[in-house]
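Secondary and tertiary structure notes
Each chain, written out:
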Amino acid sequence: MRIIVYENNGKTSKIKTDYPDKITNIIEDFLNNYKGVKVGYKLFVEKMFDKHTIEHISEFNDQLLIEQLEYLNTACLTKKGEVNGRSLNGFINFYRYLLENNFGTFNYFTLEMLENKDIVKLLLNGFRPVIYSPYLTTPTYTKMLVDITKAQRNSKSKSVILFDSSELIHETLRVLYLDFFWNYQEDYTGKPAKDYWLLRFLKSLDSKEESLELPLEITGTDITTYKNTLKDMEDSSRGVALSRVRQFIDYEQGRNNIKISSFARNQVTSTNVKSVGDTRAYNKKQLDEMIIKLNEISGLKNYLVGCCIEIQRRSAMRPETICNLEIDCLISQGTDGFKVKDSTKTNPDDYDPIDIYTGKLIQKLITITQDAREQAPNSKKKYIFLYEADNKQTINKLTRTELCRAINNTAKELCIPQLGTKGIRNHFDRKLNQFDFEGKANGTIVSAVSKHSMAVHIKHYSVVEDYLTVCGDYYNVEIGEIDLKGKIMSKVDLDNNRVVEDGCGFCCKEHCLNSHSDECQSCKDFVATIDNIPYFESKIEKITNEIINQKSDHEREFLTYKKALLVRYLSELMLLKKSLKEAC
């Protein structure tokens, strides 16, 4: 039973077949009305029923999709005898069309799975569709496309993740990995990144020649061997790697699948590692250079990446939130800018304040991507960040992974650090530090704008180096190498007659022992407290004006050093005030 596709008046496709009319009509409607360029479609349509015939529309199902794809991989060839990728992509689009219109009987495949840009490769490499539910028994596949929509509390873009245990040789390790993957409750979107470290640990066990059986015995030597593979990594990464192994061991030990001594278990945490996160940030010049570079490269995708950088550095929105912005996300606030709807980790219906420039940029993007939206499948039409794929056949939505990769590739070309989207987020948070510093705020602004609690912001973004940089930049002076002789304290019990340096501090001695009374900050008996902050600010302003009006280079150099010393004291007092540093 064959299908022959021919053109009708050069405009529409017709097919000849003895199939039921409804199946014929579905194929014709797909060929004539489905969005996208249909290069290679004729080939797969004429061949997809060579080995697999159906009599009713309900016979389109999960198994048929896989069997037809495996056959077409050998039957759809170019004139050179190579696999016709366009035909296989067209075949996937046909099944997307079926799912979008509720044709067929599909229990496992979802639209989100078929929209994966590597779906053909994944299916041909043995990955099988699975819809996650904690109420279902653990599947037995070694390779899975897992739809995790039901496992997520909030709406997130990443609804399909991959599972692959095929590289593990021992069956026992594959069973353990699958059990942990399926049953350990956590944010499922983060599983693949965390499980990278778990797989490294399991592969180190997999090198053993002896047979492994349940319950698996893990020794101190096993832990030491794994930790040795991490010794050249940064502290924060080692902390993450060990944390994942610790979660795995504790969970599977509780299920009686692992045996480990208390000594060996303690070795998983016996490290000086303290995961504090990467707080390195791009500066304004580097971000400007990357945006210019991306705009020089042709293609809508590169332009969208540049716009994402611009939006992220001007707002509290995270990269995944930006990539998921929808065309109805903006609410104008008049001269106060806009509000934009996003989905945070804790609130799926949240609104971020953004300035007029950022709002206008998002409006411009909605217009620029309209053509892509018209060609996109229904499941993507609501999104802003859409672009045409390189094969000109599909419309893709920009993802966080693609965004991070593009940023790092651009940074590499410009010979600047490859910090990904994290470097932009840290740039924004450091700007908040400066805003908080300039406005003499108490942290409420930082907490509201960054969407971190102040404790989180202080822990991860307000490191000492940040504040020294902020203070130095704000007062336009270099303070990093200055060594303070005096003391920094929250308060002191000293009389007002001990006040020195125009109110900037106190002298601990009853009688001044310094031969130069105007150099108290260079004396070990000088003490500055939080209450002295306004006097430091006033004196810094005064000395700045003196520098501007000073004509002598030698005198200007002396005043600049004195200003730097004052700013360093002020920065240390600010750190103490914000509980980022203890008194000294």
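Residues numbered from 1 in each chain as written. Predicted model: local features only at pLDDT ≥ 70, side-chain atom pairs only at ≥ 80, totals over all residues. Heavy atoms only, no water.

Moving on, we get to the pattern of salt bridges. Counting across every chain of the model gives 22 salt bridges. Residue D195 pairs with R244 through a salt bridge whose shortest N-O separation is 2.8 Å. On the criterion of sequence distance, the pair formed by D195 in helix α8 (residues 191–206) and R244 in helix α10 (residues 235–254) is long-range, its members being 49 residues apart. D195 gets classed as buried once you look at its relative accessible area, which sits at 2%. Two residues, K382 and E326, come together in a salt bridge whose shortest N-O distance is 3.8 Å. Here K382 is found in the loop between α16 (370–375) and β11 (386–388), whereas its partner E326 is found in the loop between α14 (319–323) and β8 (330–332), with 56 residues between them in sequence. Judged by its relative accessible area of 39%, K382 is partly exposed. If you follow the salt bridges from partner to partner, you end up with E186, K191, K194, D195 and R244 in one network. (Salt bridge = Lys/Arg side-chain N within 4 Å of Asp/Glu carboxyl O. Helix = DSSP H or I, 4+ residues; strand = E, 2+ residues; numbered from the N terminus. Buried < 20%, exposed > 50% of the residue type's maximum accessible area, 1.4 Å probe, protein only.)

Another point: the nonpolar core. Grouped together as the largest cluster of nonpolar side chains are 43 residues, with contacts concentrated most on F44, F60, F91, F94, Y95 and L98. Of all the elements in the fold, those that place two or more residues in this core are α1 (21–33), α2 (41–47), α3 (62–75), α4 (85–100), α5 (111–114) and α6 (119–124). The element best represented in this core is α4, accounting for eight residues. Apart from residues lying up to four places away in sequence, Y95 is in contact with F60, N61, L64, L65, Q68, F106 and L114. Of all hydrophobic cores here, the second largest spans 40 residues; its members include I148, L199, F201 and I258. (Core = buried A, V, L, I, M, F, W, Y, C linked by side-chain atoms within 4.5 Å. Contact = heavy atoms within 4.5 Å.)

Right, let's get into unusual backbone geometry. Of the consecutive residues L214 and P215, the connecting peptide bond is found in the cis state with omega at -5°. Along the polypeptide, P215 turns up in the loop between α8 and β6 (216–218). A positive phi angle is found at N256, which is not glycine, with a value near 60°. Counting through the fold element by element, N256 comes out in the loop between α10 and β7 (258–260).

As a further point, take helix α7 (residues 171–183). End to end, α7 covers 18 Å across 13 residues, agreeing with the expected 18 Å (1.5 Å per residue, within 8%). Buried within α7 we find T172, L173, L176, Y177, L178, D179, F180, F181 and W182. (Expected span 1.5 Å × (residues − 1).)

What follows is about the side chain of T529. Inspection of the secondary structure puts T529 in strand β16 (residues 526–529). The buried category is assigned to T529, whose relative accessible area is 2%. When sequence neighbours within four positions are dropped, the list of residues in contact with T529 reads M489, S490, K491, V492, F506 and L573.

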